[in-house]
Amino acid sequence: MSSEAAGLLGVGLLLVLIALRIPIAAAMIIVGGGGFAWLAGTGPLLAQLKTLAYWRFSTYDLSVVPLFMLMGQFATRAGLSSDLFRAANVWIGHFRGGMAMAAVGACAGFGAICGSSLATASTMGQVVLPELRKHGYEPALATGTLAAGGTLGILIPPSVILVIYAIIVEANIVTMFQAALIPGLLATLVFALVVRLYVWLKPEAGPVGDRYDPGERWQATLAIWPVLLIFLLVIGGIYFGVFTPTEAAAIGAFGVGLTALVKGRLNRGSLMNCLLETGKATAMIFLILLGAELLNGFIALSRLPASAALWIEQAELAPMTVMLMMLLVFIVFGCFMDSLSMIILAVPFFWPMLADLDFGMDQDSLKIWFGILALVVVELGLITPPVGLNVFIIHGLADDVPMRETFKGVMPFFVAELFRVALLLAAPGIVLLLPRLLG
Amino acid sequence: MAAIAWISRLWAIAGGLVLLAVMLMTVTSVAMRYTFGSPILGDFELVEMGTAIAAFAFLPHCQLTRGNVAVDVFTTKAPPRVQAALTATGSLALALIALLLLWRMTLGGHDFFRYGEVTTNIGVPRWWAFPPILLSLALLVLTSLVTLAEDLGVLGTGGEPS
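Just so we're clear, the structure is a prediction, and the values are computed from it rather than from any experiment.

## Here's the deal with the overall build of chain A
Then, in step 1: Along its length, chain A carries 21 helices and zero strands.
Then, in step 2: The C-alpha radius of gyration of chain A comes to 22 Å, within 12% of the 22 Å expected for a compact globule of 439 residues.
Then, in step 3: C-alpha extents for chain A along the principal axes are approximately 75 × 50 × 45 Å.
Then, in step 4: Here chain A holds 439 residues, and 60% of them are scored as buried.
Then, in step 5: Sequence-distant contacts in chain A: of pairs separated by 6 or more residues, those separated by 24 or more amount to 80%.
Then, in step 6: Carbon and sulfur atoms provide 67% of the accessible area of chain A, an area that totals close to 16,100 Å².
Then, in step 7: For chain A, the separation between the mean place of its 22 positive charges and that of its 25 negative charges on side chains is 9 Å.

So this is what it looks like as structure tokens:
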């Protein structure tokens, strides 16, 4: 059997194992390790396993991940989700559809700090859904907004998944963070517009909320200033090279933790919980990354990406066709796999195939552009009917709303997302502008 | 089994405290860099080592609380017994992986010790990280076996969670 055939067989086996409920990390370790042993021999595998996990877990860049997770945990304990929503709602809640737009803004803010779409959807959903329902918002609009809003955090830095992508393709983390900002803010704006359009066509879907007087407005805004300040410090510090992403994450976690402590929302019990939740998420990600390391070794030995690249060249596929096919795969898999596993699993296959194609830009730019596109479409998968995971999470929080309604509510956002993908594909400048200006 | 759950929880919290220490050390180092012009010597190496120790310490608790993500959408319609069998296979796989890593990394740590491998700037012996890491892996073997026993229990009752 040729090594390419072994590689293909390995990929097939991996997908089967994952579909059969084997934990993704375990499936990657089994197939990666097994395949490596098959192609290179058992001896080299056993020798590699002596220190591979140590080196992987002690990568400096990777230390960003648990620290950002910790920051997200502290933010949740500090009651950031309700504070953010309140701060946005007191300003725009009295407009038609304003509360839903405030929810979009709060999702973007919370997601930025939290970094996980599913967690953002569920945390914000718990806070905002009851409010929206109480004020008579149409169930479809309320659930749709939150399912879609949950996906916003992924691009707005600091994003854990962006760090992981950068590590896999050996891109500069800072540059990735810079590139993600404009597309992320664009999505927030577009989602708010979708809500506006929705209530314009269907005014009864988004009734006007209460109006607040200036005193209440400033009070609500003041409640979030420490976190806003920390956020600006973290992002600004990373963008302008004042500190490394790891240092920024440590400062952010420290600051948000201190805020929670001052607000009296962090005692010994809740600190333990923060540490345990951080640990659980970290362990999950690190074990998958170990699997990815083994799998990458196997895939590189199998020369599968190189053969695929050759095949693409011989078939004379247009680079854009290849890109579109890859994005389609991301959307399909994103429907039932969480975004992080998806990126860790697919990017090592896709990037080598893409690297030498001519998109009219240098390889570093292509790396950035592809990364942002991949993240956007993976998130798109989370709200794709009829399987999107975010929709299920929101459905779990509001089970009196039929699933069909929730999907109906998500549809406008889904369509808007397709337009955003098309826009980013047609105009890579949107992604590359900020890195060029700051770099 | 309750003892293993208690220990792995405590061990994960200890890992969390290491992470907190990494956080505080980094904040201090940045502050020192901008006030005195010199950071804590070897701060990057301490971050690396601390993160690795913490991450390994999180693994047993993660497995015990079923934190290792798996895709279940394709098998939700399968009979309960089949589902239980699949979950049990996953736990078994993790137990074997943990055992393999424990075996190999014991030798890896021994190599670091024997060849006197130290970190680049402040010369911390690399093997120092290994005793806690190996303990974490041993604990991971145990917690994977606990989850396996739970899964088999479910299988024994015909797929209904006991």
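Moving on from the model shown.
## Describing the overall build of chain B
Then, in step 1: Along the backbone of chain B there are four helices and zero strands.
Then, in step 2: Secondary structure of chain B in N-to-C order comes out as α-α-α-α.
Then, in step 3: For chain B, whose C-alpha radius of gyration is 20 Å, the value lies well above the compact-globule estimate of 15 Å for 162 residues.
Then, in step 4: Dimensions along the principal axes, computed over C-alpha positions, put chain B at roughly 65 × 35 × 30 Å.
Then, in step 5: For chain B, the residues scored as buried account for 48% of the 162 residues in total.
Then, in step 6: Across chain B, the fraction of contacts at a sequence separation of at least 24, relative to all contacts at a separation of at least 6, is 76%.
Then, in step 7: Carbon together with sulfur atoms contributes 72% to the accessible area of chain B, which is approximately 7,700 Å² in total.
Then, in step 8: In chain B, which carries 8 positive and 9 negative side-chain charges, the distance between the mean positions of the two groups comes to 4 Å.

## Comments concerning the packing of helix α9 (residues 139–149) of chain A against helix α20 (residues 403–426) of chain A
All names here are of chain A.
Then, in step 1: Taken N-terminus to C-terminus, the directions of α9 and α20 make an angle of 60 degrees; their axes are 7 Å apart at the nearest point. One way to sum up the angle between α9 and α20 is to call them oblique. Along this stretch, α9 crosses α20, giving a crossing that reads as right-handed. Together, Ala-140, Thr-143, Gly-144, Thr-145, Ala-147 and Ala-148 of α9 and Glu-405, Thr-406, Gly-409, Val-410 and Phe-413 of α20 make up the contact between the two elements.

## Things to note about the nonpolar core
Side chains of a nonpolar character, in soluble globular proteins, are inclined to be buried together.
Residue and element names in this part refer to chain A.
Then, in step 1: Formed by 205 residues in total, the largest nonpolar core has its most connected members in Ile-285, Phe-330 and Ile-372.
Then, in step 2: Counting residues per element, this core draws most heavily on helix α14 (residues 268–302), at 16 residues.
Then, in step 3: Those residues within four positions of Phe-330 in sequence are excluded, and the remaining contacts are Met-342, Ile-343, Ala-346, Val-347, Phe-350, Phe-370, Ala-374, Val-377 and Val-378.

## Quick word on the interface of chain B and chain A
Then, in step 1: Contact with chain B, which involves 60 residues of that partner, is made by 54 residues of chain A.
Then, in step 2: Together chain B and chain A conceal approximately 5,100 Å² of surface at their shared face, both sides included; 79% is due to carbon and sulfur atoms.
Then, in step 3: Among the residues chain B hides against chain A, the three largest losses belong to Val69(B), Val71(B) and Arg104(B). Together they make up 12% of the total.
Then, in step 4: On inspection of chain B and its partner chain A, the count reaches two salt bridges.
Then, in step 5: Here Glu247(A) ties to Arg33(B) by a salt bridge, and the two come within 2.9 Å at their closest N and O atoms.
Then, in step 6: Inspection of the chain B/chain A interface yields 10 residue pairs in polar contact (both at pLDDT 80 or more).
Then, in step 7: When residues of the side of chain B that touches chain A are traced back to their parent elements, those giving at least two are α1 (2–35), α2 (43–64), α3 (80–114) and α4 (130–156) of chain B.
Then, in step 8: Of the residues forming the side of chain B that touches chain A, the biggest block, 17 residues, is contributed by α3(B).
Then, in step 9: Each residue belonging to the side of chain B that touches chain A can be placed in one class, and the counts come to 37 nonpolar, 14 polar and nine charged.

## A word on helix α17 (residues 339–355) of chain A
Then, in step 1: Residue Val347(A) marks the point of greatest curvature in α17(A), where the axis turns by about 45 degrees; the proline Pro348(A) follows within four residues.
Then, in step 2: By the criterion of burial, α17(A) is predominantly enclosed, with 16 of the 17 residues buried.

## Thoughts on the confidence of the model for chain A
Then, in step 1: Looking at chain A, the pLDDT average stands at 89 and 100% of residues meet or exceed 70.
Then, in step 2: When mean pLDDT is compared element by element in chain A, helix α2 (residues 24–40) of chain A scores highest at 95, while helix α19 (residues 389–397) of chain A scores lowest at 84.

## Concerning the packing of helix α5 (residues 64–77) of chain A against helix α10 (residues 160–169) of chain A
All names here are of chain A.
Then, in step 1: Their axes nearest at 10 Å, the elements α5 and α10 cross at an angle of 175 degrees. The angle between α5 and α10 places the two elements in the roughly antiparallel class. Where α5 approaches α10, its residues Val-64, Val-65, Phe-68 and Met-69 are matched on the opposing element by Val-160, Val-163 and Ile-164.
Then, in step 2: Among the residues making up the contact of α5 with α10, the classes are represented as seven nonpolar, no polar and no charged.

## Observations concerning the side chain of Asp111(B)
Then, in step 1: Looking at the element boundaries, Asp111(B) is found in helix α3.
Then, in step 2: Reaching out from Asp111(B), the side chain makes a polar contact with the side chain of Lys50(A) at a distance of 3.0 Å.
Then, in step 3: A distance of 3.0 Å separates polar atoms of two side chains, one belonging to Asp111(B) and the other to Arg114(B).

## Here we look at the pattern of salt bridges
Then, in step 1: Enumeration according to the criterion identifies 13 salt bridges over all chains in this entry.
Then, in step 2: As a salt-bridge pair, Glu417(A) and Arg420(A) come within 2.9 Å of each other at their nearest N and O atoms. Pair noted here: Glu417(A) and Arg420(A) are both in helix α20, with a separation of three residues, about one helical turn.
Then, in step 3: Here Arg66(B) makes a salt bridge to Glu150(B), at a shortest N to O gap of 2.8 Å. Of this pair, Arg66(B) sits in the loop between α2 and α3 while Glu150(B) sits in helix α4, placing them 84 residues apart in sequence.
Then, in step 4: Owing to a relative accessible area of 38%, Glu150(B) belongs among the partly exposed residues under this scheme.
Then, in step 5: A network of salt bridges, in which partner residues are shared, links Lys50(A), Asp111(B) and Arg114(B).

Procedures and definitions
Residues numbered from 1 in each chain as written. Chains lettered and ligands numbered in written order. Predicted model: local features only at pLDDT ≥ 70, side-chain atom pairs only at ≥ 80, totals over all residues. Heavy atoms only, no water. Helix = DSSP H or I, 4+ residues; strand = E, 2+ residues; numbered from the N terminus. Rg over C-alpha atoms; globule rule 2.2 N^0.38 Å. Buried < 20%, exposed > 50% of the residue type's maximum accessible area, 1.4 Å probe, protein only. Contact = heavy atoms within 4.5 Å. Areas by Shrake-Rupley, 256 points an atom, 1.4 Å probe, with all protein chains shown as cover. Lys, Arg positive; Asp, Glu negative; His and termini not counted. Charge placed at Lys NZ, Arg CZ, Asp CG, Glu CD. Axes fitted to C-alpha atoms, helices over the stretch in contact; angles between N-to-C directions. Parallel < 35°, antiparallel > 145°, perpendicular 65-115°, else oblique. Left-handed = near helix turned anticlockwise from the far one by under 90°. Core = buried A, V, L, I, M, F, W, Y, C linked by side-chain atoms within 4.5 Å. Buried area = accessible area lost by both parts, 1.4 Å probe. Salt bridge = Lys/Arg side-chain N within 4 Å of Asp/Glu carboxyl O. Polar contact = N/O pair within 3.5 Å; in protein donor to acceptor, adjacent residues only side chain to side chain. Nonpolar A, V, L, I, M, F, W, Y, C, P; charged D, E, K, R; others polar. Bend = angle between axes of the 7 residues up to and from the residue. pLDDT = per-residue confidence, 0-100.

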